[in-house]
Amino acid sequence: MASPHPVRDEVKDMETQNYSSSTSGFILLGISSNPQLQKPLFAVFLTMYLVTLVGNALIILAIHSDSRLHTPMYFFLSSLSFMDICFTTNIEPKMLVNLLSDTKSISYVGCLVQMYFFMAFGNTDSYLLASMAIDRLVAICNPFRYNVVMSPRRCLLMLLGSCTISHLHSLLYVLVISRLSFCASHVIKHFFCDTQPVLKLSCSDTSSSQILIMTETLTVIATPFLCILFSYLRIIITVLKIPSAAGKWKAFSTCGSHLSVVVLFYGSISYVYFRPLSMYSVVKDRVATVMYTIVTPMLNPFIYSLRNKDMKRGLRKLRVRIHS
């Protein structure tokens, strides 16, 4: 008699197999194990990926082609767009291939590499958001020294510092994960190699690894977040001292796009990472992870261009150049 749940049985069979982590790698369960949803999901996520690539590429081209956008804020925005392209490219192509594949496998080394770049680009995003908050802080609270404080050399050093810290953080993560043993199930209940789902598969004692990872992650991710929080507290205090309502609105309007991205990014990240492994939920984590790995990078170009007159002008100039 045929099983009434063939998909569930197939997943269960995969989970009960024994593998050698260094040779067989892992199986990525993906967004959904329902075969009927694979092609529709492929179409949806392929569209989102293409929108992300085109949108962020247009932001970069518009900024670099318009001399009036050669300012610190747009320097960081173009860097953020480039990191978003790298961030999604590290995850989505493999996810799209797996949606149309029966094996859905990823090698052990490939999993560690994907995990490394996922954290490197993701953390660089958070530090760039902090750099943009500092830029707004100086522009609103100390406008007369803006050109001195936010000099091109200092902006470049902030970008290099963001990349360096993020890559060192990723290296530590991957070294910790590589020391673990995976001797039972090798089915990752996720659509990419994220730390929590991979840790759940380890048959090693992960308590010390969890403490190290949580402490180090808290330091690396909380530092830019606290920087953003401090910057906006200073900005709010300064703006409240402006006598006219029009002046207050003008000052706050320059921060609206940045704040929207910060809420999207940190809201989903805090839900996924800042809780014990025992509270891990497959479905809820997939939804939250899709938000900051796929949806947020796709929405960033729209958020920064729809309400930004300078970016609208830059995009119009780019369109004219392309047509001519």
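Residues numbered from 1 in each chain as written. Predicted model: local features only at pLDDT ≥ 70, side-chain atom pairs only at ≥ 80, totals over all residues. Heavy atoms only, no water.

As recorded in an unreviewed UniProt entry, the protein goes by Olfactory receptor 1L4-like and comes from Vicugna pacos. Under the Function (unreviewed entry) heading, UniProt states for the protein: "Putative odorant or sperm cell receptor." What UniProt records for the protein under Subcellular location (unreviewed entry) is the sentence "Membrane". (UniProt positions renumbered as here; feature names shortened; annotations may be inferred.)

Bringing the state of the cysteines into the picture now. Note on terminology: a disulfide is the covalent bond linking the sulfur atoms of two cysteines. Applying the stated rule across the entire model yields one disulfide. The side chain of C111 participates in a disulfide bridge whose partner is C193; the two sulfur atoms lie 2.0 Å from each other. Residues C111 and C193 are joined by a disulfide whose S-S torsion is about -125°; by sign, that bridge is left-handed. Taken as a pair, C111 in helix α5 (residues 108–141) and C193 in the loop between β3 (187–188) and α8 (195–201) lie far apart in primary sequence, 82 residues in all. Its relative accessible area of 0% is what places C193 among the buried residues. In this structure C86 is a free cysteine whose sulfur lies 9.5 Å from that of C163, the closest cysteine sulfur available. (Disulfide = S-S within 2.5 Å. Helix = DSSP H or I, 4+ residues; strand = E, 2+ residues; numbered from the N terminus. Buried < 20%, exposed > 50% of the residue type's maximum accessible area, 1.4 Å probe, protein only.)

Here the focus is the pattern of salt bridges. Counted according to the given criterion, the structure contains four salt bridges. Notably, a salt bridge pairs D66 with R313, separated by 4.0 Å at the nearest N-O pair. Separated by 247 residues along the polypeptide, D66 in the loop between α3 (38–65) and α4 (72–99) and R313 in helix α13 (residues 309–323) bring together distant segments of the chain. On the basis of relative accessible area, D66 is assigned to the buried category, the value being 0%. You can call R313 partly exposed: its relative accessible area is 23%. Through salt bridges with shared partners, one network takes in D66, R68, R313 and K317. (Salt bridge = Lys/Arg side-chain N within 4 Å of Asp/Glu carboxyl O.)

To continue, consider the side chain of E92. Residue position: E92 is located in helix α4. We note that E92 is buried and unpaired, the nearest opposite charge coming from K94 at a distance of 15 Å. In this structure E92 touches F45, Y49 and I294, once residues within four positions along its chain are discounted. (Lys, Arg positive; Asp, Glu negative; His and termini not counted. Contact = heavy atoms within 4.5 Å.)

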